[in-house]
Each structure stands twice: as C-alpha cells, then as structure tokens.
Amino acid sequence: MFKRILAIVIVLLWSGLAFAAHPLISDDTGTQGKGKFQLEVNSEFTYEKERQYNADEDKWETKKETGGELATLLSYGITDNVDVVLGMPYQWKKTSIDGVVTTDPAEQGDGISDMSLEGKWRFYEKDGLSFAIKPGITLPNGNEDKGLGNGKLSSGAVFITTKEIKPWAFHLNLGYTRNGYKLQADKAANRNDIWHTSLAAEVEVMKDLKVVGNIGMERNPDKTSNTHPAFILGGLIYSISESIAIDAGVKGGLNKPETDLTLLAGIAWRF
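In this text the structure is predicted, and so the values were computed from the model without any measurement. (Residues numbered from 1 in each chain as written. Predicted model: local features only at pLDDT ≥ 70, side-chain atom pairs only at ≥ 80, totals over all residues. Heavy atoms only, no water.)

Draft legend 1. Spotlight on the nonpolar core. Listed in full, the 8 residues of the largest apolar core are Leu24, Ala200, Val212, Phe231, Leu233, Ile237, Ala245 and Leu264. The residues touching Ala200, leaving out its near neighbours within four places in the chain, are Leu24, Ser26, Ala169, Phe170, His171, Gly213 and Asn214. (Core = buried A, V, L, I, M, F, W, Y, C linked by side-chain atoms within 4.5 Å. Buried < 20%, exposed > 50% of the residue type's maximum accessible area, 1.4 Å probe, protein only. Contact = heavy atoms within 4.5 Å.)

Here is the structure:
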C-alpha cells in the first residue's frame, strides 16, 4: 500500500497528459493561450464481468476485472494556438474468477505506464468552426512484462473539428495510432495500426454547469477479433471559478470488446 501511495504522489507532482475536456474522450480544438498552463488530475475506475467456460474442469466460471488509472495532466501554451503536452498515467488492475483473485503480481500489477508527449495546433478558426491537428508519441518507460506498456515507441495523430453554436459545442475526432511492441507475444496478438473515431457534444444548462455526451469506436487491437470496441459516455462539468473546474462521468460499453462500466472524475486548474 505504501508503494502504491508513493507512486501516485510522484505521478501527481510530476506528470502530465493531453487534455480533452474531461470526462470526454474526444478532444476539442481549444488551446491554453501563450504562456498559460492547465493542470488536471483525472481518474477512472473500470469494471468488467463475463461468463467463460473452463474446459479443463468442465464448468462455467464468472470472471471479474477491476482496475483504474490516475493521471495528472499538464499542458503549456507555446503560442495562442499551439500547445505542448506531457503525460504519464499510473494504472492498476485485479482479476478474479468465482471470487478468487488470480492476478499474478509478477505478470500484471500496479505501476506507471508509458509516458506520452503530444502537441496541438489549431490551424483554422472562423465563425465558430475550428480545426486542429494533435500529433504525439508514446515513450516505452512502462514495464511491458506487467502489461504497463508496449516496450517500444508508438506514434499517431488526431484530426479535431469543433463547431460552436451557443450554448452548444460539438467535437469530431478522427485518429490513427501506430503501435510498436517489444515482446514477441504482444507482436503476435496485437495489431499495429489502430484507428479511432468519436463524436462529442456539450451544452451549458445553467451558469457554470455543462452536460456532456460522447460516443465513439476504435479498431480492436486484438488480431483475433473484428468487433471493434464502441462506447457511450455522459457526464457533467462544473466551473467553480474561472480557473478551477471539476467533472464526473460514466462510460458504458456498447459491445463485448469495450469495458462494461467506467466511472470518471477529475479536476482542472488553469493558471
């Protein structure tokens, strides 16, 4: 427990990550402005349950997976329309079958996952319509033997469209990631090329309070499946002041490959 708390504190003090308007998965074209920062602390808690057949013992079993991620998020405005972002999440996971924990700490455990470095450039803005591009890389600092990283550099980019029609705003994301893998088992099991598409909406229902929604899909990295994970999400964003906002949301899976249930919460501070 002490090691977990220490690792979380280190992440909170040092890391950063790309900043969509949490709890949304889709990013928007907004940037911080020249010389300005945004610091976020975001968390998610996941739950997955399925029935599976154990051929060795000739019986059906109930498999449950719980886990989560905690990440601080820091972005900096190089110019009014260009941001640079650094990130490092902390992850944990536990698996049980019929109530018996089966997670092997030597193979899968808690820890800091792969670090990310991204940029965002909003290259067009007129009459409430804006476009941005967000390229990025993922650095292999996580322990791939414990499932905390890929072990090799990965890269990708997201094309972002935002349309504002007060009090509404809509965001479309089209992304591509090229994953690298160090372990032969990961190379054999996972696809390298992953696409992502998602659409989000937000509306200010009263002063300082927004209701947000998100739907999306991305290519399944599992080579044995052609069913691509799809999700739907709903949440709230409340601005305590001009510089501080808190949020909460619920994300549900629309098909089997997507995680059944994810609870999200975060806080953002602009300065």
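The rest of the description comes next.
Draft legend 2. Spatial organisation of the pattern of salt bridges. Counted according to the given criterion, the structure contains 11 salt bridges. For the salt bridge of Lys134 with Asp27, the shortest nitrogen-to-oxygen distance reads 2.9 Å. Linking Lys134 in strand S8 (residues 129-139) with Asp27 in the loop between helix H1 (2-14) and strand S1 (37-54), this pair joins segments that are 107 residues apart in sequence. The class for Lys134 is buried, based on a relative accessible area of 12%. Residue Lys210 pairs with Glu202 through a salt bridge whose shortest N-O separation is 3.0 Å. The exposure class assigned to Glu202 is buried, which follows from its relative accessible area of 7%. Where salt bridges share partners, they join Asp27, Asp28, Lys120 and Lys134 into one cluster. (Salt bridge = Lys/Arg side-chain N within 4 Å of Asp/Glu carboxyl O. Helix = DSSP H or I, 4+ residues; strand = E, 2+ residues; numbered from the N terminus.)

Draft legend 3. Just a nonpolar patch on the surface, in detail. The grouping of Leu172, Leu174, Leu199, Ile215, Ile232 and Leu254 at the surface amounts to a nonpolar patch, some 510 Å² of accessible area in total. Considering the arrangement of structural elements, one finds Ile215 in strand S12 (residues 209-218). (Patch = residues over 30% accessible without salt bridge, like charges linked within 9 Å, V, L, I, M, F, W, Y side chains within 5 Å. Areas by Shrake-Rupley, 256 points an atom, 1.4 Å probe, with all protein chains shown as cover.)

Draft legend 4. Broad picture of the side chain of Ser130. The residue Ser130 is located in strand S8 in this model. We classify Ser130 as buried; its relative accessible area is 6%. A polar side-chain atom of Ser130 sits 2.6 Å from a polar atom in the side chain of Thr29. Ignoring anything within four residues of it in the chain, the contact list for Ser130 reads Thr29, Arg122, Tyr124, Glu125, Ile160, Thr161 and Thr162. (Polar contact = N/O pair within 3.5 Å; in protein donor to acceptor, adjacent residues only side chain to side chain.)

Draft legend 5. Representation of the environment of Asp193 in the model. Residue placement: Asp193 occurs in strand S11 (residues 193-206). Considering only alpha carbons, one finds Asp193 and Gly156, 37 residues apart in sequence, at a separation of 9.5 Å. Apart from the residues within four sequence positions on either side, Asp193 is in contact with Tyr176, Thr177, Arg178 and Arg219. Within the structure, Asp193 has its side chain in polar contact with the side chain of Tyr176 (distance 2.4 Å). In this structure the side chain of Asp193 is engaged in a polar contact, spanning 2.9 Å, whose partner is the side chain of Arg178.

Draft legend 6. Summary view of unusual backbone geometry. Following His22, the chain continues into Pro23 via a peptide bond in cis, with omega recorded as 15°. Assignment of secondary structure puts Pro23 in the loop between H1 and S1. Cis geometry is adopted by the peptide bond preceding Pro167, which originates at Lys166 and carries an omega value of 5°. One can find Pro167 in the loop between strand S9 (154-165) and strand S10 (168-178). With a phi close to 55°, Asp127 is a non-glycine residue in the positive phi region. Note on placement: Asp127 falls in the loop between strand S7 (115-126) and S8. Classification of Asp127 by relative accessible area gives exposed; the value is 66%.

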